Amino acid sequence: MRKSLLLVFVLGITISCIPLRIAPNIKDYKLTKGKRFKKGLPKKTVFVFEDPKEANEFYNYINTKFQLDDYFVDVEVPFQIDGTNYFLSFYEVEISTKTINLIPLAMDGILSQAADMDPVFDELHTSRIGNWYIAMEVFNDQEQDCLSEGSVSRDVVLPYLRELKSEYLATSNYNEVVFKN
């Protein structure tokens, strides 16, 4: 009897939640306006993908690949495609999934009325699960937003960013990418 009651209680805690914000699930990549994806990003079109690696891994990858020596690594990373100079800026962004858990909230309400107790399940009222994303913007001297709908450079830059993303996700030792170049 005790085990079944405990099982029902634990099951009730885990399934009785209301999502307040759900982090997007991006399969491959997404092109979107930065401000629409996350407040604080630029208004330009950004190339976004989920980052399953640890914090600052993309920074280390870009720093090593382009041999920047920690100089302007996240703001104006220069690269060339077909003799045209471009610049890459990137942002590590966290969007968390937030939920309100109803059972612990109700239990604390019942306990406070019945026994005049302080909240026992205070830490269980809400839960947060963080998801990390990399958002990249590309620009050059002729265009401020090379990923926008009508951009001349979009068809050239997009495959480059997809390849960069694939190489980043597939590489664990970033010194390998220096020898590939």
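Residues numbered from 1 in each chain as written. Predicted model: local features only at pLDDT ≥ 70, side-chain atom pairs only at ≥ 80, totals over all residues. Heavy atoms only, no water.

Draft legend 1. Quick look at the pattern of salt bridges. If you walk through the whole model with that rule in mind, you get 4 salt bridges. Close ionic contact of Asp28 with Lys165 constitutes a salt bridge, the shortest N to O distance being 2.9 Å. You can see Asp28 sitting in the loop between strand 1 (17-21) and strand 2 (30-33) and its partner Lys165 sitting in helix 5 (residues 154-170), a full 137 residues away along the chain. Judged by its relative accessible area of 39%, Asp28 falls in the partly exposed class. The buried category is assigned to Lys165, whose relative accessible area is 8%. (Salt bridge = Lys/Arg side-chain N within 4 Å of Asp/Glu carboxyl O. Helix = DSSP H or I, 4+ residues; strand = E, 2+ residues; numbered from the N terminus. Buried < 20%, exposed > 50% of the residue type's maximum accessible area, 1.4 Å probe, protein only.)

Draft legend 2. Representation of the side chain of Thr45 within the structure. By secondary structure assignment, the location of Thr45 is in strand 3 (residues 45-50). A residue is classified by how much of its surface remains accessible, and Thr45, at 8% relative accessible area, is buried. Beyond its immediate stretch of four places on either side in the chain, Thr45 contacts Leu31, Thr32, Lys33, Met136, Glu137, Asp145, Leu147 and Ser148. (Contact = heavy atoms within 4.5 Å.)

Draft legend 3. How the structure looks around the nonpolar core. Ranked by internal contacts, the top residues of the largest apolar core, which has 26 residues, are Phe58, Ile62, Leu88, Met136 and Leu161. Broken down by secondary-structure element, the contributors of at least two residues to this core are strand 3, helix 3 (57-65), strand 4 (77-81), strand 5 (84-101), strand 6 (126-139) and helix 5. Examining the composition of this core, we find that 6 residues originate from one element, helix 5, more than from any other. In contact with Ile62, not counting residues within four places along its chain, are Gln67, Leu68, Val73, Val77, Leu88, Phe90 and Leu164. Core analysis: the second largest hydrophobic core is formed by 10 residues, Phe37, Leu41, Val46 and Tyr133 among them. (Core = buried A, V, L, I, M, F, W, Y, C linked by side-chain atoms within 4.5 Å.)

Draft legend 4. Looking closely at the environment of Arg162. Structurally, Arg162 is set in helix 5. Measuring from C-alpha to C-alpha, the distance between Arg162 and Phe49 comes to 9.7 Å, with 113 residues separating the pair along the chain. Every residue in contact with Arg162, bar those within four places of it in the chain, is listed here: Tyr29 and Phe47.

Draft legend 5. Examining empty space enclosed by the protein more closely. Inspection of every chain in the model, using the stated rule, returns 1 cavity of 30 Å³ or more. The volume enclosed by the largest cavity comes to roughly 40 Å³. Around the largest cavity, the lining residues are Asp51, Lys53, Glu54, Ala55, Glu92, Trp132, Tyr133 and Ile134. Per-element tally for the lining of the largest cavity: the top contributor is strand 6, with 3 residues. Along the lines of polarity and charge, the residues of the lining of the largest cavity split into 4 nonpolar, no polar and 4 charged. (1 Å grid on protein atoms, 1.4 Å probe; cavity = no way out; pocket = protein on both sides within 12 Å on 5 of 7 lines; lining within 4 Å. Points joined across faces, edges and corners; volume = space filled by probe spheres on them. Nonpolar A, V, L, I, M, F, W, Y, C, P; charged D, E, K, R; others polar.)

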